[in-house]
Amino acid sequence: MTDSAERDRLAVLHGVAPTYRPSADREVRVPDETVIEVLAALGVDASTPAAVRDALAEHEQRAGQRLLPRNVVVRAGRAAGLVLPDGTALRVETEDGVETEWDGQAPLPVGRHALRARTPDGRTASAQLVVAPDRLPGPPERVYGFMAQLYSVLSSRSWGMGDLGDLADLAAWTGRALHAGFLQVNPLHVAVPGKPTDPSPYRPSSRRFPDPVYLRVEEIPEYAHLDAEDRERAADLLRRAAVLRDSVLLKDALIDRDAVWELKREALALVRKVPLSPGRRAAYGDFLAEQGQALDDHATWSMLAELHGPDWRSWPAGLRDPRSGQVARQRGQRLDQVDFHCWLAWLTDSQLGAAQRAARDAGMAVGVVHDLAVGVHPSGSDAWALQDALARGMSVGAPPDAFNARGQDWGLPPWRPDALAATGYAPYRDLLRGVLRHAGGLRIDHVMGLFRLWWVPEGRPPTEGVYVRYDAGAMLGILALEAHRAGAVVIGEDLGTVEPGVREELADRGILGTSVLWFERDWEGAAAAGAHGHARPLPPAEWRADVLATVTTHDLPTTAARLTGEHVDLRHRLGLLTRSLEEEQAADAVDVAEWLALLGRLGLLPEGTRDEESVVKAVHRFLARTPARMVGVWLPDGVGDRRPQNLPGTWDEYPNWRLPIADAEGRPFTLEQLAASPRLHALAHEVRTAMEATDVP
């Protein structure tokens, strides 16, 4: 075997793919240097032929000695598929403490159990045994709902950006008045502090805790018990918050998270002076005990970030290790500061719970659907606390494809699959449990990452990355178990390049996919037709059923902008087009015309195409005709907003993640104005009526 073949074999044994296929008919070899660097990040030396041979021998020796895998993950009612010496005896201790013999096939209760094996010659082994539900049930009924970026939904009570009070109110109103079944929001993970704070909700400091910038300060029970002096100070902060809010709603200012947090932090310091009642103190104590080390680490990082800056990689060396003595001493010297951040996490968690209760009390079948970002900022809290579980010097991204020849680097450190397995997937499990605490549903960004991720070594372009495979059975099984415990629906964002078999596996497990109207075309038929094939818009009956179906998303143009072509003009002004304006406009017009023609043939355009509001209704009627289990309405589409919340490929050129919802003329709309909008009410009525009229098995 050649040196290259041996290195390839070693790479595959550790889940690193030495080649990848950007298309079915083309295979690309990954640079040798990339493979070597990625294996090094996994703790495997492949720098020389001799090192590769040693690593192969070590791997084979460990595999030969291992009686059980570290983790056994099975679906309820299915055999474990273990390969064991004849006569091996298995015993299971369930999470309830019940011990029983097991043959590897008999049904076991869903949960996390301990598995022990003993061979006839006396060898023993133990492993974590996860029994996951065979399939998640999905929503209890076919539902429609709204999708919104919470920060963009300001009410007359907001402090300059939408907050958790607005979330509860929006859920209550859409559930009761519009009979919506769910409300999906952006990731509410805590951001990396800074001036300016990165506004993207998809590059958080921690995915394990929500951001206290979303707190509704006045709804904290202790706020009502401020003393006279502090009440006056709080009133002044409210006046300043009103100025900040009005600047966004009336003066075209952008949402300024830093300014909002500066005011809220000052107000929260006042509220914290009010002692907790005995019952509240007990509840806080329970929260601290439940969150344990994870919360202690996050609060400690937050305290250290205030002292040394938000990038732990530039801190004094002794503070870069969360388990160091120096960190322990700093924590001990600033316990009150650490407790402040623990208290913030508790308050935010409490208001998240109140929002989900408001949703369910309003009759929502699902309630609030939270969003899980694909990773965390490398300088933030999770990257510091979980650095042993994350791959150092690596970043998640995407390989080159037909839409982006340069590939993508998202700047997010990936999970180490070997470290996850070694810990029984504890960091991943705890993350899921935290984000599902108050969720009726969970959207998983880039769900394909549960199968494999494109790793980009630091200093290399995305074109020189490599796919690293994860144990999808374990990742999906643990996800299913935690969602089952929470009673939550799971939606996987499966747009873009999807490995064959992934969508089928997700559907088999009851994890919904994502279908966006503009992307739903007959790509397979076009490919089969060869060079002259054309991907026609997919009729509603041919759509997948186990999906959340939408017209657009936060990364795409609003529906009004798509229909009018304004999104092309915007990208042209910002220099983002890869062909001439005329070519782009012509292609866009053809795309829209083909969809309008299909809508017309289906009788979904009774008002004609005289104005974009009528067509917005029509495309949503179309969604209702598909068999999709969930139909999502982008909230800005309800009032004709033209502006995207995020324009990929831009940074300072466009105000990503900082715009309030606005009407067709660009006038910001408050939550109260949304509730009174005839256009929004009419759209909701059309969707609801069309879904009731559609016979879906």
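All of the points below concern the structure found in this document. Values in this document were obtained by computation on a predicted structure and should not be read as measured data.

1. Some remarks on the pattern of salt bridges
- For the coordinates displayed, the defined rule picks out 64 salt bridges.
- The partner of aspartate 134 in a salt bridge is arginine 78, and the shortest N-O contact between them spans 2.7 Å. Of this pair, aspartate 134 sits in the loop between strand E7 (124-132) and strand E8 (143-148) while arginine 78 sits in the loop between strand E3 (71-75) and strand E4 (89-93), and the two are 56 residues apart along the sequence.
- Of the charged contacts, one joins arginine 629 and aspartate 546 as a salt bridge, the two residues approaching to 3.3 Å between their closest N and O atoms. On the criterion of sequence distance, the pair formed by arginine 629 in the loop between helix H19 (612-625) and strand E21 (630-634) and aspartate 546 in the loop between helix H15 (523-528) and strand E20 (547-550) is long-range, its members being 83 residues apart.
- You can call aspartate 546 partly exposed: its relative accessible area is 23%.
- Through salt bridges with shared partners, one network takes in Glu232, Asp236, Arg239, Arg240 and Glu266.

2. Some words on the nonpolar core
- Residues Tyr144, Phe146, Trp343, Tyr428 and Trp455 are the most contacted members of the largest nonpolar core, which totals 179 residues.
- Beyond its immediate sequence surroundings of up to four residues, tryptophan 343 is in contact with Leu268, Val271, Arg272, Leu276 and Tyr284.
- Ala80, Val92, Trp102 and Ala127 belong to the second largest nonpolar core, which has 15 residues in total.

3. Notes on the side chain of serine 206
- Relative to the assigned elements, serine 206 resides in strand E11 (residues 206-210).
- Looking at serine 206, the relative accessible area reads 0%, which means it is buried.
- At a separation of 3.0 Å, a polar atom in the side chain of serine 206 contacts the main-chain amide nitrogen of arginine 208.

4. As for unusual backbone geometry
- The omega torsion of the bond from lysine 195 to proline 196 falls at 0°, within 30 degrees of zero and hence cis.
- By the secondary structure assignment, proline 196 is in the loop between strand E10 (189-190) and E11.
- Phi at histidine 446 takes a positive value of approximately 50°, unusual for a residue other than glycine.
- Mapped onto the secondary structure, histidine 446 falls in the loop between strand E15 (441-444) and strand E16 (452-457).
- Overall, histidine 446 belongs to the buried group, its relative accessible area being 17%.
- You will see that tryptophan 657, though not glycine, has its phi angle at about 60°, which is positive.
- Relative to the helices and strands, tryptophan 657 is located in the loop between E21 and helix H20 (671-675).
- Its relative accessible area of 7% is what places tryptophan 657 among the buried residues.

5. Notes on the packing of aromatic side chains
- For the coordinates displayed, the defined rule picks out 12 aromatic pairs.
- Both rings, one in tryptophan 595 and one in phenylalanine 622, keep their centres 5.6 Å apart while their planes meet at 90°; by these two values the pair is edge-to-face. Residue tryptophan 595 is located in helix H18 (residues 581-601), and its partner phenylalanine 622 is located in helix H19; the two are separated by 27 residues in the primary sequence.
- According to the relative accessible area criterion, tryptophan 595 is buried, its value standing at 1%.
- The class for phenylalanine 622 is buried, based on a relative accessible area of 0%.
- The ring of tyrosine 151 carries the charged tip of arginine 257 above its face, separated from the ring centre by 4.6 Å.

6. Some details on helix H1 (residues 3-13)
- Residues Glu6, Arg7, Asp8, Leu10 and Ala11 constitute the buried set of H1.
- At its buried positions, H1 is contacted by strand E2 (26-29), helix H2 (32-41) and helix H3 (49-65).
- Glycine 15 sits one or two residues past H1 and shows a positive phi near 80°.

Cut-offs and rules
Residues numbered from 1 in each chain as written. Predicted model: local features only at pLDDT ≥ 70, side-chain atom pairs only at ≥ 80, totals over all residues. Heavy atoms only, no water. Salt bridge = Lys/Arg side-chain N within 4 Å of Asp/Glu carboxyl O. Helix = DSSP H or I, 4+ residues; strand = E, 2+ residues; numbered from the N terminus. Buried < 20%, exposed > 50% of the residue type's maximum accessible area, 1.4 Å probe, protein only. Core = buried A, V, L, I, M, F, W, Y, C linked by side-chain atoms within 4.5 Å. Contact = heavy atoms within 4.5 Å. Polar contact = N/O pair within 3.5 Å; in protein donor to acceptor, adjacent residues only side chain to side chain. Phe/Tyr/Trp six-rings, centres within 6.5 Å; stacked < 30°, edge-to-face > 60°. Lys NZ or Arg CZ within 6 Å of the ring centre and 35° of its normal.

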